Amino acid sequence: MNQRSLKKTLSSLPVGEIRYFESIGSTNDEALAWAAAGARDLSFVIADEQTAGRGRLNRKWFTPKQTALAFSLILRPASNSLLSRTVGLAALSIADSLLKYGLAPSIKWPNDVLLSGKKVAGILIETVWSGTEVDSLVAGMGINVHKESVPPAQYLQFPATSIEDEMGHPPDREELLRDILTAFIARRLQMERANFIKSWEELLAYRGEQVQVNASDTETRSGKLLGLESDGSLRLLGQHGETMIVHFGDVSLRPTS
Ligand code: ADP
């Protein structure tokens, strides 16, 4: 992977500018600075290695050299009302690409993509503010491609896998990127439709199952995972038949059964 080969592979797509790094701290940090400096919509930062890749709550995201796909897409949203759907857009785009390989992805709400119940990709959406208005968004995506990208178990709170582990061989990383961006651009045009939420909901992991949701600001909630609200919030059914809505935020979801 390099700047020139990326440009060639993506030449048919309406992306913005590309900044490729052999190694970087965090692609999201670079993209946030670039977005604040006025980067065009669909410009992105991509790196062959992250030395300080981030998950939510400043957890670490591992991107060992040349084994994974790690990139951060800059978005200038047309409508602020669609912000909460952006994590779904990213997750669906990754899932679409995995479906193309004959795999069966699911989405662990809100921000992880699973294969065989293990984490294969993570998403981190961050915002660039201009006063109280949203200036732009950065959608960071990390996908485990080669088996060497999977971190050792002692670093994980949730099991992880790679596309190679699930498929028997790794896809070409640039082609995977092209597939994800193609899906992203197509799905983005449909973001306002009710069908968008339906497609997202259909891929949710643990639907109809008991789950536990931990958030830093409220106590743990347990319930049966029912589906999604129109803004992408999660709907659970509590023990006494009550409906609970879980909003985005730094929320961790785990199956309990
Ligand atoms: P969760 O949604 O599982 O609560 P995050 O979305 O915040 O967690 O993701 C960060 C976590 O993902 C880290 O704490 C680590 O356990 C795990 N992780 C880090 N790198 C990888 C990777 N390459 N593949 C799978 N999991 C990873």
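Please refer to the structure higher up on the page.
Described below are features of the structure shown in this document. These numbers were taken from a predicted model, which means no experiment stands behind them.

## A word on the overall build of the chain
Part 1: Secondary structure assignment for the chain yields six helices and 12 strands.
Part 2: Computed over C-alpha atoms, the radius of gyration of the chain comes to 18 Å, within 12% of the 18 Å expected from 2.2 N^0.38 for 257 residues, which places it in the range of a compact globule.
Part 3: Here the chain, with 257 residues, has 51% of them falling under the buried criterion.
Part 4: When the accessible surface of the chain is split by element, carbon and sulfur atoms take 48% of a total near 11700 Å².

## Focus on the site of the ligand
Part 1: Around the ligand there are 18 residues in total, and Arg56, Arg59, Asn111, Asn144 and Ser252 lie nearest to it.
Part 2: Taking Arg59, its side chain carries an N or O atom lying 2.7 Å from an oxygen atom of the ligand.
Part 3: One nitrogen or oxygen atom from the side chain of Asn144 is found 2.9 Å from a nitrogen atom belonging to the ligand.
Part 4: Burial of the ligand by the protein chains amounts to 97% of its free accessible area of 580 Å².
Part 5: The site holding the ligand turns out to be the largest pocket.
Part 6: Residue composition of the shell around the ligand, grouped by class: six nonpolar, five polar and seven charged.

## Considerations on the packing of aromatic side chains
Part 1: A complete count under the given rule lists five aromatic pairs for this structure.
Part 2: Judged by centre distance (6.2 Å) and plane angle (70°), the rings of Phe44 and Phe71 are edge-to-face. Here Phe71 lies in strand β3 (residues 68-75) and Phe44 lies in strand β2 (residues 44-47), a separation of 27 residues in the sequence.
Part 3: Given the relative accessible area of 0%, Phe44 is considered buried.
Part 4: The exposure class assigned to Phe71 is buried, which follows from its relative accessible area of 0%.

## Section: helix α2 (residues 27-36)
Part 1: Turning to α2, its buried residues number three or more, namely Thr27, Asn28, Ala31, Leu32, Trp34 and Ala35. All buried residues of α2 project into a common sector of 170° when viewed along the axis, lining one side.
Part 2: Those residues of α2 hidden inside the fold are in contact with β1 (18-21), β2, β3, β6 (118-130) and β7 (133-144).
Part 3: With a side-chain oxygen lying 3.2 Å from the backbone nitrogen of Asn28, the N-terminal cap of α2 falls on Ser26.

## Concerning the sheet that holds strand β8 (residues 210-215)
Part 1: With respect to topology, five strands assemble into an open sheet ordered β11-β10-β9-β8-β12, the strand pairing being antiparallel. The open sheet has two edge strands with one neighbour each: β11 (243-246) and β12 (251-255). Going across the sheet, the axis of each strand differs from the next one's by a mean of 45°, ignoring polarity.
Part 2: Pairing of strand β9 (residues 221-228) with strand β10 (residues 234-237), which is carried by four bridges, proceeds in the antiparallel orientation. Directly across from Leu228, in β10, lies its bridge partner Leu234.

## Quick word on the environment of Leu177
Part 1: Topologically, Leu177 is positioned in helix α5 (residues 173-188).
Part 2: Separated by 131 residues in the primary sequence, Leu177 and Ile46 place their C-alpha atoms 9.9 Å from one another.
Part 3: Discounting chain neighbours no more than four positions away, the residues touching Leu177 are Leu6, Leu10, Phe44, Ile46, Leu69 and Phe71.

Rules of the game
- Residues numbered from 1 in each chain as written.
- Predicted model: local features only at pLDDT ≥ 70, side-chain atom pairs only at ≥ 80, totals over all residues.
- Heavy atoms only, no water.
- Helix = DSSP H or I, 4+ residues; strand = E, 2+ residues; numbered from the N terminus.
- Rg over C-alpha atoms; globule rule 2.2 N^0.38 Å.
- Buried < 20%, exposed > 50% of the residue type's maximum accessible area, 1.4 Å probe, protein only.
- Areas by Shrake-Rupley, 256 points an atom, 1.4 Å probe, with all protein chains shown as cover.
- Near = heavy atom within 4 Å.
- Polar contact = N/O pair within 3.5 Å; in protein donor to acceptor, adjacent residues only side chain to side chain.
- 1 Å grid on protein atoms, 1.4 Å probe; cavity = no way out; pocket = protein on both sides within 12 Å on 5 of 7 lines; lining within 4 Å.
- Sits in = over half its atoms within 2 Å of the grid points.
- Nonpolar A, V, L, I, M, F, W, Y, C, P; charged D, E, K, R; others polar.
- Phe/Tyr/Trp six-rings, centres within 6.5 Å; stacked < 30°, edge-to-face > 60°.
- Arc of directions from axis to C-beta.
- Contact = heavy atoms within 4.5 Å.
- Pairing = 2+ DSSP bridges.
- Axes fitted to C-alpha atoms, helices over the stretch in contact; angles between N-to-C directions.

Functional significance is not addressed by these values, which are geometric in nature.
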